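What follows is each chain in one-letter form.
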Amino acid sequence: DVKVTQSSRYLVKRTGEKVFLECVQDMDHENMFWYRQDPGLGLRLIYFSYDVKMKEKGDIPEGYSVSREKKERFSLILESASTNQTSMYLCASKTGDNQPQHFGDGTRLSIL
Amino acid sequence: GDSVTQMEGPVTLSEEAFLTINCTYTATGYPSLFWYVQYPGEGLQLLLKATKADDKGSNKGFEATYRKETTSFHLEKGSVQVSDSAVYFCALIPSHGSGNTGKLIFGQGTTLQVKP
């Protein structure tokens, strides 16, 4: 089975801090994704990556950046956290264009 | 553009009732279709999939049939249990040549509550 591991289930940070969310997958998938999930807004794509050191903006990239130095790891960075970034963050990975994405358990991030 | 529309929830059923969650889509060509489930406090899990017209995906008693003529992928289960209470997401990956490279397009999700 595919395993997508997010480093924290719950995280509390302060406004202005630089925040790192880590995601690791164990199936040698080329593609990795970061989403945020908010009540009433569903899942929204922040960034995705199709290869090492490659990244593309999703639908809501503002205030975020990403890093993919190794194939198995995809990091989401909040450069200067703000309260409107309080959310559930979900990482996913997949291989092949028509294959399903496999999700981690999510990180519930609170910015105070 | 490509989109997925799900019935609004919450859907509240008694145990052993029949479940239908409607899902329709807008997309060119032949997208791949998926249902995901999210249990409280967890990430999304793939429930079932179908990649071509008339395919039936099935898993854990849930079924959905890819209907090209009605652009639908409705989720059904004959007898729900309390443990099926969760949020269900319909999603698609657009077909090749549509300018998309494998990103999922999600519906808004439908909350199912099953009461004993």
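Everything numeric here is computed off the predicted structure, so don't read it as measured data.

Visitor: Explain the overall build of chain A residue by residue, including any values.
Guide: If you tally the helices and strands in chain A, you get 0 helices and 11 strands. Its helices and strands taken in sequence order, chain A reads β-β-β-β-β-β-β-β-β-β-β from the N to the C terminus. With the C-alpha coordinates of chain A rotated into their principal frame, the extents come out at 40 × 25 × 25 Å. Within chain A, the fraction of its 112 residues that count as buried is 48%. Restricting the contact set of chain A to residue pairs at least 6 apart, pairs at least 24 apart contribute 55%. Across chain A, 16 positive and 16 negative side-chain charges occur, with their mean positions spaced 6 Å apart.

Visitor: Could you give an account of the sheet that holds strand β3 (residues 19-25) of chain A, naming the residues involved and the relevant values?
Guide: All names here are of chain A. In spatial order, the strands read β1-β3-β8-β7; together these 4 strands make up an open sheet with antiparallel pairing. The open sheet is flanked by β1 (4-6) and β7 (64-70), the only strands paired with a single partner. Pairs of neighbouring strands in the sheet enclose a mean axial angle of 20°, with direction left out of account. Pairing of β3 with strand β8 (residues 73-78) involves 6 bridges; the strand directions are antiparallel. Each bridged residue has a counterpart across the sheet, and for leucine 21 the counterpart in β8 is leucine 76.

Visitor: So what's going on with the sheet that holds strand β9 (residues 75-77) of chain B? Which residues, and what values?
Guide: All names here are of chain B. Pairing is antiparallel in the open sheet, where 4 strands are placed in the order β3-β9-β8-β7. Sheet topology places β3 (19-21) and β7 (56-59) at the edges, where each strand pairs with a single neighbour. Averaged over all neighbouring strand pairs, the angle between strand axes comes to 20°, with direction disregarded. One ladder, built from 3 bridges, connects β3 with β9; its direction is antiparallel. In the strand pairing of β9, isoleucine 21 is matched with leucine 75.

Visitor: Could you give me a rundown of the interface of chain B and chain A, with the residues and numbers involved?
Guide: If you look at the interface, chain B gives 20 residues, while chain A gives 22 residues. Taken together, both faces of the contact between chain B and chain A bury some 1,700 Å²; the carbon and sulfur share is 52%. Put simply, chain B and chain A have 0 salt bridges between them. Taken together, chain B and chain A are joined by 4 residue pairs in polar contact (both at pLDDT 80 or more). Secondary-structure elements contributing two or more residues to the side of chain B that touches chain A are β5 (32-38), β6 (44-50) and β10 (86-93) of chain B. When residues in the side of chain B that touches chain A are grouped by element, the largest group, 4 residues, is from β5 of chain B. Within the side of chain B that touches chain A, the residues separate by chemical class into 9 nonpolar, 8 polar and 3 charged.

Visitor: Before we move on, can you summarise the packing of aromatic side chains with the specific residues and values?
Guide: Counted under the stated rule, the structure contains 13 aromatic pairs over all chains. Between tyrosine 35 of chain A and phenylalanine 106 of chain B, the aromatic rings sit 5.7 Å apart at their centres with planes inclined by 85°, giving edge-to-face as the arrangement. Linking tyrosine 35 of chain A in strand β4 (residues 31-38) with phenylalanine 106 of chain B in strand β11 (residues 105-106), this pair reaches from one chain into another. Considered together, tyrosine 35 of chain A and phenylalanine 106 of chain B belong to a single accessibility category, that of buried residues. Through a chain of ring-to-ring contacts, the aromatic side chains of Phe33, Tyr35, Phe48, Tyr50 and Phe103 of chain A together with Phe34, Tyr36, Phe89 and Phe106 of chain B assemble into a single cluster. One residue, lysine 68 of chain B, lies across the ring of tyrosine 30 of chain B, its end atom 4.4 Å from the ring centre.

Visitor: So what about unusual backbone geometry? Which residues, and what values?
Guide: Residues and elements named next belong to chain B. The linkage connecting glycine 9 with the following residue, proline 10, adopts the cis geometry, with an omega of 0°. Among the secondary structure elements, proline 10 is positioned in the loop between β1 (3-6) and β2 (11-14). Of note, the phi angle at lysine 60 is positive, near 55°, even though the residue is not glycine. Along the chain, lysine 60 falls in the loop between β7 and β8 (62-65). Accessibility expressed as a relative area gives 53% for lysine 60, which makes it exposed. Even without being a glycine, threonine 71 presents a positive backbone phi close to 45°. Checked against the element boundaries, threonine 71 lands in the loop between β8 and β9. When its relative accessible area of 29% is taken as the criterion, threonine 71 is described as partly exposed.

Visitor: Lay out the side chain of serine 93 of chain A with the relevant residues and their values.
Guide: Residues and elements named next belong to chain A. Looking at the secondary structure, you find serine 93 in strand β9 (residues 87-94). The exposure class assigned to serine 93 is buried, which follows from its relative accessible area of 0%. Within polar-contact distance, the side chain of serine 93 engages the side chain of histidine 29 at 2.8 Å. Setting aside its immediate chain neighbours within four residues, serine 93 contacts Val2, Val4, Gln25, His29, Asn31, Met32, Pro100, Gln101 and His102.

Procedures and definitions
Residues numbered from 1 in each chain as written. Chains lettered and ligands numbered in written order. Predicted model: local features only at pLDDT ≥ 70, side-chain atom pairs only at ≥ 80, totals over all residues. Heavy atoms only, no water. Helix = DSSP H or I, 4+ residues; strand = E, 2+ residues; numbered from the N terminus. Buried < 20%, exposed > 50% of the residue type's maximum accessible area, 1.4 Å probe, protein only. Contact = heavy atoms within 4.5 Å. Lys, Arg positive; Asp, Glu negative; His and termini not counted. Charge placed at Lys NZ, Arg CZ, Asp CG, Glu CD. Pairing = 2+ DSSP bridges. Axes fitted to C-alpha atoms, helices over the stretch in contact; angles between N-to-C directions. Buried area = accessible area lost by both parts, 1.4 Å probe. Salt bridge = Lys/Arg side-chain N within 4 Å of Asp/Glu carboxyl O. Polar contact = N/O pair within 3.5 Å; in protein donor to acceptor, adjacent residues only side chain to side chain. Nonpolar A, V, L, I, M, F, W, Y, C, P; charged D, E, K, R; others polar. Phe/Tyr/Trp six-rings, centres within 6.5 Å; stacked < 30°, edge-to-face > 60°. Lys NZ or Arg CZ within 6 Å of the ring centre and 35° of its normal.

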